[in-house]
Amino acid sequence: DASARLLTTRFELRLSNGQRHLVSERSGGEGPRTLMGAVTPFVGRDRELVQLEMTFRECAEDSVARLVLITAPAGAGKSRLRHEFVARLHDTGDHRVLVAQG
């Protein structure tokens, strides 16, 4: 079940006859992380989110490239910060967002 929880952020799973089946990849990439099946509010990282938005705006307006490296211990919210930032980018304009993991 722990593996299934990791998959649900990026894939749609269906439970049938006590077994989980991979249905499809989510169209918008990863979905929000949940706690006991409920999406939790995004709190405590407003400053970092504003910095990411300002950096993106600078790149878009001034045609410059910037790199942002986010580091923190496991569980500190790096993936959630990225998810919230990408969701805001999708809501604000006509641009392509590419997300990669290594």
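Structure: see above.
Per chain, residues are indexed from 1 in the order of the written sequence. Side-chain atom pairs in this predicted model are given and counted only at pLDDT of 80 or more, local residue features only at pLDDT of at least 70, and totals for whole chains, interfaces and linings cover all residues. The side-chain values count all of the structure's non-hydrogen atoms but skip hydrogen atoms and water molecules.

Would you mind going over helix α2 (residues 46-62) with me for this structure?
Along an α-helix, a turn takes 3.6 residues, which lines up residues three or four apart on a common side. Numbering of helices and strands runs from the N terminus; a helix is a DSSP stretch of H or I covering at least four residues, while a strand is a stretch of E covering at least two. Take the residue count of a helix, subtract one, and multiply by 1.5 Å to get its expected span. Its 17 residues place the ends of α2 24 Å apart at the C-alpha level, agreeing with the 24 Å of an ideal helix rising 1.5 Å per residue. Of all the residues in α2, the buried ones are Leu49, Leu52 and Cys59. Projection of α2 onto a plane perpendicular to its axis shows the buried side chains occupying an angular sector of 90 degrees, all on one side. Away from its buried face by more than 90 degrees, α2 exposes Asp46, Arg47 and Glu61. Along its buried surface, α2 packs onto α3 (78-92). Just beyond α2, the residue with positive phi is Ser63, at close to 50 degrees. Only protein chains enter the area calculation, which uses a 1.4 Å probe; residues under 20% of their type maximum are buried, those over 50% are exposed, and those in between are partly exposed. Note that the arc is computed from the directions linking the helix axis to the C-beta atoms. Pairs of residues are marked as contacts when any of their non-hydrogen atoms sit within 4.5 Å.

Whenever I open this one, the nonpolar core confuses me. Can you help?
For soluble globular proteins, nonpolar side chains are generally found buried alongside one another. In terms of nonpolar packing, the biggest core is built from six residues, these being Phe42, Leu49, Leu52, Leu81, Phe85 and Leu89. Among the elements of the structure, α2 and α3 are those that each provide at least two residues to this core. Top element by residues in this core is α3. It accounts for three residues. Excluding its chain neighbours within four sequence positions, the residues that come into contact with Leu49 are Phe42, Leu81, Glu84, Phe85 and Arg88. Working definition of a nonpolar core: buried Ala, Val, Leu, Ile, Met, Phe, Trp, Tyr and Cys residues. They are joined through side-chain atoms within 4.5 Å.

When you look at the pattern of salt bridges in this model, what are you seeing that I'm missing?
If the charged atoms of two oppositely charged side chains come close together, the side chains can form a pair. What makes a salt bridge here is a side-chain nitrogen of Lys or Arg within 4 Å of a carboxyl oxygen of Asp or Glu, nothing more. Applying the stated criterion to the full structure yields four salt bridges. Between Glu48 and Arg45 there is a salt bridge, and its shortest N-O distance comes to 3.5 Å. Judged by its relative accessible area of 25%, Glu48 falls in the partly exposed class. Residue classification places Arg45 among the buried positions, given a relative accessible area of 13%. A salt bridge links Arg80 to Glu84, with the shortest nitrogen-to-oxygen separation between them at 2.9 Å. Linking Arg80 with Glu84, this pair stays in helix α3, spanning four residues, or about one helical turn. Taken individually, Arg80 and Glu84 each receive the classification buried, so the pair is uniform in this respect.

Looking at this model, I keep getting lost on unusual backbone geometry. Mind explaining?
Glycine aside, residues mostly have negative phi, and peptide bonds are mostly found in the trans state. At Asn17, a residue that is not glycine, the phi angle is positive and equals roughly 55 degrees. Secondary-structure assignment places Asn17 in the loop between β1 (11-16) and β2 (19-25). Given the relative accessible area of 79%, Asn17 is considered exposed. Positive phi values are uncommon outside glycine, yet Ser63 reaches one of about 50 degrees. Taking relative accessible area as the criterion, Ser63 reaches 67% and is therefore assigned exposed.

Hey, could you run me through the pairing of β2 in this one?
Looking along a regular strand, one sees the side chains alternate between the two faces of the sheet. For two strands to be treated as a pair, DSSP must find no fewer than two bridges joining them. Where β1 meets β2, six bridges bridge the pair, whose relative direction is antiparallel. Pairing of Leu15 across the sheet is with Arg20, part of β2. Counted along the chain from β1 to the antiparallel partner β2, the turn is two residues long, and its residue Asn17 has a positive phi close to 55 degrees.

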